[in-house]
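Letter by letter, the chains look like this.
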Amino acid sequence: MTPQQTRERKPGRARRAITAGAVALTLSAGGATAWALDRFVVQHVEIADVSAYEASQAGSSSGTSTNTSTGTVPGSGGTAVTTDTSYVSGSSNISISTVTTGSADDTVTYYVADVVLDDATTLQSAFANDSFGENITETTSAIAEANSAVFAINGDYYGFRDTGIVIRNGVVFRDEGARQGLAFYRDGTVQVYDETTTTAGQLVAEGVWNTLSFGPSLLDNGEVAEGIEDVEVDTNFGNHSIQGEQPRTAVGIIDDNHLVFVVVDGRSPGYSAGVTMTGLAGIMQNLGATTAYNIDGGGSSTMYFNGGLVNNPLGGDRERGTSDILYIAQ
């Protein structure tokens, strides 16, 4: 083979190399797509019948049974009284209010549920499709209706991630401490805690009824917590979506068995721009909360009461699917 022949064949080898590289790139992109679909879209069901699982773990049904034909709540001593903005029974007292501040594109609209419970276990949790796992979603309204809820908010979207301590209705579902969590105890107290310093089993033994794994904590002893504008909930995914003015959902604690839930609408100029994390902390502080905790927001931020939406998700009543709710049954 002459040098000239060698030079003439080099472009062919180059073309083959380019083609091979393109194929490798395509395969690589296809692999990434498959991974992303498996990680964020494909359902991974670990427990297909949560109600049965909770009953088997607890020894009895963890929910509060309700006679929906009469509206009688066991232990209430009579029929619950419901209005457009309130619910009163022997086990809970719920009052819903709407607050609007600002004007024009700076308008912020949020919804407050002031809740007093007779028994801390009246506040329950439910999963989408009554199943536990990743990427299993339904709207807050659908999960609420399936559980005969009179009141509900979206939960922490546990199904987006495979970390965090997940205890619901006194039963352990996940024990992978990763972040700052919120624990609801059976005695009516609620505390922010470090998931990495304990275990789900220890928390249950101490009387924890439900946990949330999102954050950050918004208030420390009634004062706005430091550094809340820089927190990343899921550092492994580079999730910065909790920053800036956003729709928000938060839980605040005023006293034992006295909670306040807030849903802030956002991304809707003229109706509600949303709030920063510091703004959300200020709202919770003004409501009298001493402890407050941020949970999943954005399009998931939803408050449900007495058969319908309270807020207006994304300015168009468009609920985004979520993996779980906190609720109070009728």
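Refer to the structure presented above.
To start, this report covers the structure provided alongside it. It should be emphasised that the depicted structure is a prediction, and the values quoted were computed from it without experimental measurement. (Residues numbered from 1 in each chain as written. Predicted model: local features only at pLDDT ≥ 70, side-chain atom pairs only at ≥ 80, totals over all residues. Heavy atoms only, no water.)

### Concerning the packing of aromatic side chains
Here's step 1: For the structure shown, the criterion picks out 8 aromatic pairs.
Here's step 2: With centroids separated by 5.0 Å and ring planes inclined at 85 degrees, the aromatic side chains of phenylalanine 127 and phenylalanine 173 adopt a geometry described as edge-to-face. Linking phenylalanine 127 in strand 6 (residues 123–127) with phenylalanine 173 in strand 10 (residues 171–176), this pair joins segments that are 46 residues apart in sequence.
Here's step 3: On the accessibility criterion, phenylalanine 173 (9% relative accessible area) is buried.
Here's step 4: Between phenylalanine 151 and phenylalanine 261, the aromatic rings sit 5.5 Å apart at their centres with planes inclined by 50 degrees, giving tilted as the arrangement. Of the two residues, phenylalanine 151 sits in strand 8 (residues 149–154) while phenylalanine 261 sits in strand 17 (residues 258–264), which places them 110 residues apart along the sequence. Across the pair, phenylalanine 261 and phenylalanine 151 agree in class, each one buried.
Here's step 5: Linked through ring pairs, Tyr53, Phe127, Phe132, Tyr158 and Phe173 together constitute an aromatic cluster. (Phe/Tyr/Trp six-rings, centres within 6.5 Å; stacked < 30°, edge-to-face > 60°. Helix = DSSP H or I, 4+ residues; strand = E, 2+ residues; numbered from the N terminus. Buried < 20%, exposed > 50% of the residue type's maximum accessible area, 1.4 Å probe, protein only.)

### Here's the deal with the sheet that holds strand 11 (residues 180–185)
Here's step 1: The 3 strands are arranged 12-11-13 in an open sheet whose pairing can be described as antiparallel. The sheet terminates laterally at strand 12 (190–194) and strand 13 (208–213), the two strands that pair on one side only. Sheet twist, expressed as the average angle between the axes of neighbouring strands with direction ignored, equals 30 degrees. (Pairing = 2+ DSSP bridges. Axes fitted to C-alpha atoms, helices over the stretch in contact; angles between N-to-C directions.)

### Concerning the sheet that holds strand 15 (residues 223–224)
Here's step 1: In space, the 9 strands of this open sheet follow the order 2-3-4-5-17-16-18-14-15, with antiparallel pairing throughout. This sheet does not close on itself; its edge strands, each paired only once, are strand 2 (81–82) and strand 15.
Here's step 2: Relative to strand 4 (residues 92–101), strand 3 (residues 86–88) runs antiparallel, the two being bridged by 3 bridges. Each residue of the ladder has a partner; that of tyrosine 87, found in strand 4, is isoleucine 94.
Here's step 3: Its contacts with the sheet put helix 5 (residues 277–286) on strand 5 (108–117), strand 14 (217–220), strand 15, strand 16 (248–255), strand 17 and strand 18 (291–295), and the angle it makes with strand 14 is roughly 50 degrees. (Contact = heavy atoms within 4.5 Å.)

### Considering the side chain of asparagine 135
Here's step 1: Secondary-structure assignment places asparagine 135 in the loop between strand 7 (132–134) and helix 3 (140–146).
Here's step 2: Here valine 42 takes part through its backbone oxygen, which lies 2.8 Å from a polar atom of the side chain of asparagine 135.
Here's step 3: Not counting the four nearest positions on each side in its chain, asparagine 135 is found in contact with Asp38, Arg39, Phe40, Val41, Val42, Gln43, His44 and Gly159. (Polar contact = N/O pair within 3.5 Å; in protein donor to acceptor, adjacent residues only side chain to side chain.)

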